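What follows is the residue order along each chain.
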Amino acid sequence: MFHIKRAYEAYIDGFQEITMIIPKSNKHTVHSYFELIYEDNRKTKLPIVTRIEFERFIKYTVFTPEVLLLENKYEIEDEFGVRTDLQVGGVIRSNDFDEKYAYDGEDLGAGYSSHSTQFKLWAPTASKVKLRIYQHHGDEEKFTEKLMERDGKGTWKVVIDQDCDGLVYNYLVCVNLIWREAVDPYAKAVTLNGKNSVVIDLSKASHVSKVNNPPQSKYTDCIIYEASIRDFTSHPLSGVHKKGSFEGFHEKGTTYNELSTGLDYLCQLGVTHIELLPFFDFEGIEENNPFQSYNWGYNPLNFNAPEGSYSLKPEEPMTRITELKKLISVYHEHGLRIIMDVVYNHVYELQTSNFEKIVPGYYFRQDERGLPSNGTGVGNDFASERLMARRFILQSLKYWTEEYDIDGFRFDLMGILDTDTMNQIVTELTILKPEIIIFGEGWDLNTSLSPSSRKATINQSHQLPKIGFFNDKFRDGIKGSTFSVQEIGFIQGNLNHDYLSDLLLGSVGINNQVSLFQEPYQSINYVESHDNHTMWDRLKLSNGKDSEELLKKRHILGTSIVLFSFGVPFIHSGQEFFRTKEGIENSYNSGDTVNSIDWARAERESSYINIVKEFIAIRKRFNCLRFSLKEEILRHIKSVKVHQNIIGYRIIGIEEIDGVKEIMVLFHNGLKDTTIDLGIEDNWEYVWDGNKHYVEKGIKAECNKLPIPLLSTVVLVKY
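As a starting point, this report considers the structure included with it. No experiment lies behind these values; they were computed from the predicted model shown. (Residues numbered from 1 in each chain as written. Predicted model: local features only at pLDDT ≥ 70, side-chain atom pairs only at ≥ 80, totals over all residues. Heavy atoms only, no water.)

1. Here we look at helix 14 (residues 606-621)
- The end-to-end C-alpha distance of helix 14, which contains 16 residues, comes to 22 Å, matching closely the 22 Å that a straight helix rising 1.5 Å per residue would cover.
- Inspection of helix 14 places Tyr608, Ile609, Ile611, Val612, Phe615, Ile616, Ile618 and Arg619 among the buried residues, and these make up the whole buried set.
- Residues of helix 14 that are buried make contact with helix 3 (262-269), helix 11 (548-564), strand 29 (568-572), helix 13 (599-604), strand 34 (684-688) and strand 37 (712-718). (Helix = DSSP H or I, 4+ residues; strand = E, 2+ residues; numbered from the N terminus. Expected span 1.5 Å × (residues − 1). Buried < 20%, exposed > 50% of the residue type's maximum accessible area, 1.4 Å probe, protein only. Contact = heavy atoms within 4.5 Å.)

See below:
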């Protein structure tokens, strides 16, 4: 931690407000005025306005007659002739600061052309900025430096008139007399382990073609499958040669015994979108030896550069870019779309963050005591409400969308971000790609953003009408509370399920029980993700005395509810074959033995994978199962109450939509086979009877005697 020894500290806390902090150990602690000294040695006497005594220091406040400019150098002198430099302080967290210094250009970073590169940095509180150019990759001893010039709105720039492709650089920024070296936050490429910025000629990756797929017409057409590039390919039996890499994730023809793995497996499963855990540059992995340690990737370092540990040649900045682009292109060729898991809510470490080095105190929230806000639980909360923080997020997302052809974004701890930022993200990204899907974790965390209605939480979903939210009420209602094993859900046998009918119907308050969203498409329906226990491990805790057969039936029932409820279904990788993490609730640091997808387990449970494939095929077959609007639910759907252990719904009036009169979906959590009475109704045919699939050839259900197997799902259609 750098520190300059001063007799006392003086800060610009407003454009006409100065705060002095006088240690009680000083000879003089009682003051009646201070003097502001300008660069030309003019002096202005400033009487004390407030004096507050603390345990170890005294705080004085004065006001200046003139507006202070951060471009100028000032000093403060007390009435006893003791001087100190005037530092930039709390002014940077004011609205006035944003209005005066926020830069709305999109040319920050290294603007490359074959004949010159412009380097531009936003650092309004800096007194000097240098561009440090390293002579060779990995050689931090040999470098040259170029002084950058102020360029308005707090920016600094320098132009190098040559082809700079591959040039390694950082910025040196002097703020309050302290020099710090920082990687360019806007860098599109970095050296090994993200230590240096690299100028890159992106046209060299133009040979990786973009593939135009027919767009999804609505969010609820999506079936999201969450996976980790490393976990999905790292198992010894995965059949993938280039394990844990961008390249390995799109290998074709990989198998374990007769089971397809990897890309081929995902194509056969029938999902539409692959949500990948973070693949931007993150901390925690030695990129030259990635299997020496393990990390999910929620430790952001460089937001606009691909992670090196997934590259076969992490020391080559261009290689990781082309490898990632190839992955996305191949998936697009196979009709699958890629969702990027992004972590703009925090950085790996505040003090070493490039943002903090460049504009100290600006990019991160502080609490009422002036300490870093910690709603994220990692020691820092990104201040998305500040204009340049917001603009960084927006420009980063637009870059990933345009350059890499990303199809959607999943926002980690989205509730830390503010509603204005999230709505602006939707506006700007849908211009670039109208079918893009945007959703996130809307948890209400204790961050210093006031009022709470500004936080992008699930409680503010009405302010964020085009954004999806992980539906934790759905999750806990189906598989039990994430935080209490004693609180069981429907699949474990809970009969107190009056509110579940609303969860099935999009959580939009159809039956006045659960009203989280304005429209069903905002509900991301899930029962497991990379966080917390897998559903299998949760069932082992709550229903450990059950036979394995019963546990599997409960599990498949839970997955069927995800796929046949209204909203956007979300499946965690391996959920379809009872993924286990050996009971570990949070496996972010548990290594490959726990986190790798177990393809031997998948092969053993292939019959259950086929059931999930059938459920996905049924969802895709009927448009009415993908209604996305509340008015459609109100017009066509009625809840079914035929048995204390059964929940479900009927869809009516759908001849023009699906060419059938009605569809009925029933979920049974009882431990005995049962029969329900359909009254005088007839002409129902099975689509799924709880045991077998009859899509091609309809089998009629007997009137008045509809058998419902224990722990099962039944889907019927009436022509």
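Still to come is the rest of the account.
2. Points about the side chain of Ser396
- Tracing the backbone through its elements, the reader meets Ser396 in helix 6 (residues 387-404).
- For Ser396, a relative accessible area of 1% translates into the label buried.
- The contacts of Ser396, once residues within four sequence positions are left out, are Phe303, Asn304 and Tyr344.

3. A word on the sheet that holds strand 13 (residues 149-150)
- With antiparallel pairing, four strands are arranged side by side in an open sheet as 9-10-14-13. Only two strands of the sheet have a single neighbouring strand rather than two, namely strand 9 (109-112) and strand 13.
- The pairing of strand 9 with strand 10 (residues 117-122) spans four bridges and is antiparallel. In the strand pairing of strand 10, Gly109 is matched with Lys120. (Pairing = 2+ DSSP bridges.)

4. Notes on the sheet that holds strand 24 (residues 337-342)
- With parallel pairing, eight strands are arranged side by side around a closed barrel as 18-21-24-25-26-27-28-29. Neighbour to neighbour, the strand axes of the sheet diverge by 30 degrees on average, direction disregarded.
- Alignment of strand 25 (residues 408-411) against strand 26 (residues 437-440), held across four bridges, turns out to be parallel. Residue pairing across strands places Phe411 opposite Gly440, the latter belonging to strand 26. (Axes fitted to C-alpha atoms, helices over the stretch in contact; angles between N-to-C directions.)

5. Focus: unusual backbone geometry
- Between Ser450 and Pro451 the backbone carries a cis peptide bond, its omega angle lying at -5 degrees.
- Relative to the assigned elements, Pro451 resides in the loop between strand 26 and strand 27 (468-470).
- Of note, Leu177 is a non-glycine position whose phi angle comes to about 75 degrees, a positive value.
- With respect to the helices and strands, the residue Leu177 is situated in the loop between strand 15 (168-175) and strand 16 (178-182).
- Relative accessible area serves as the criterion here: at 48%, Leu177 is assigned to the partly exposed category.
- Of note in the backbone geometry, Asn512 takes a positive phi value of approximately 60 degrees without being a glycine.
- Relative to the elements of secondary structure, Asn512 occurs in the loop between helix 9 (500-504) and strand 28 (523-525).
- For Asn512, a relative accessible area of 70% translates into the label exposed.

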